[in-house]
Amino acid sequence: MAFNESTALSLLLGRMERPGVATPAPLTEYWTSALRVAAAELTNKGITLADTIEDSMLVANLAADNLLSRDRSGGRPDWLTLAIRERWLQERG
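Residues numbered from 1 in each chain as written. Predicted model: local features only at pLDDT ≥ 70, side-chain atom pairs only at ≥ 80, totals over all residues. Heavy atoms only, no water.

**Brief notes about the overall build of the protein chain**
Okay, so step 1: Helices and strands together make up the secondary structure of the protein chain, namely four helices and zero strands.
Okay, so step 2: Starting at the N terminus and ending at the C terminus, the protein chain contains elements arranged as α-α-α-α.
Okay, so step 3: Relative to the 2.2 N^0.38 estimate, which gives 12 Å for 93 residues, the radius of gyration of the protein chain is 13 Å and therefore close to what a compact globule would have.
Okay, so step 4: Based on the C-alpha atoms only, the size of the protein chain along its principal axes is roughly 40 × 30 × 20 Å.
Okay, so step 5: Of all 93 residues assigned to the protein chain, the portion counted as buried reaches 35%.
Okay, so step 6: Partitioning the intrachain contacts of the protein chain with sequence separation of at least 6 by distance along the chain shows that 67% fall at a separation of at least 24.
Okay, so step 7: Approximately 5,600 Å² of the protein chain is accessible, and the part contributed by carbon and sulfur atoms is 55%.
Okay, so step 8: Looking at charge distribution, the protein chain has the averaged site of its 10 positive side-chain charges lying 4 Å from that of its 12 negative ones. (Helix = DSSP H or I, 4+ residues; strand = E, 2+ residues; numbered from the N terminus. Rg over C-alpha atoms; globule rule 2.2 N^0.38 Å. Buried < 20%, exposed > 50% of the residue type's maximum accessible area, 1.4 Å probe, protein only. Contact = heavy atoms within 4.5 Å. Areas by Shrake-Rupley, 256 points an atom, 1.4 Å probe, with all protein chains shown as cover. Lys, Arg positive; Asp, Glu negative; His and termini not counted. Charge placed at Lys NZ, Arg CZ, Asp CG, Glu CD.)

The structure is reproduced here in structure tokens:
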């Protein structure tokens with residue numbers, strides 16, 4: 001997992017509508033753990049994450065979806081499924 005965790009956390013804070021807001025340490029740790037889980041999920045799908053803004057954004061988007069969709073009955077949004085698929089294909093191109 002070579003994504004940039006600091007960048008991904010900043011992006012996730014933006015997705016969670018908390019950019020520039022002091023976030024309590026337990027919440028930051030929880031969201032950091034969500035990023036690690038998202039990165040592990042992508043790695044398990046065969047994606048080798050790189051230290052790029054694109055991969056950090058993909059990890060942040062997946063973590064945000066995991067955090068915000070706990071009560072959603074449907075699956076992942078099509079745009080996120082497509083982004084994961086495109087990233088997987090890019091590596092195999």
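After that view, the rundown keeps rolling.
**Thoughts on the pattern of salt bridges**
It is possible for side chains bearing opposite charge to pair when their charged atoms get close.
Okay, so step 1: Following the criterion strictly, the structure yields six salt bridges and no others.
Okay, so step 2: A salt bridge links Arg36 to Glu5; the nearest nitrogen and oxygen atoms lie 2.9 Å apart. In this pair, Arg36 is assigned in helix 2 (residues 25-44) and Glu5 in helix 1 (residues 5-15), connecting sequence segments 31 residues apart.
Okay, so step 3: Residue Glu5 is classed as partly exposed on the basis of its relative accessible area, which comes to 30%.
Okay, so step 4: Here Glu91 makes a salt bridge to Arg87, at a shortest N to O gap of 2.9 Å. Linking Glu91 with Arg87, this pair stays in helix 4 (residues 78-92), spanning four residues, or about one helical turn.
Okay, so step 5: Given the relative accessible area of 32%, Glu91 is considered partly exposed.
Okay, so step 6: Members of the salt-bridge network, linked through shared partners, are Asp55, Arg87, Glu91 and Arg92. (Salt bridge = Lys/Arg side-chain N within 4 Å of Asp/Glu carboxyl O.)

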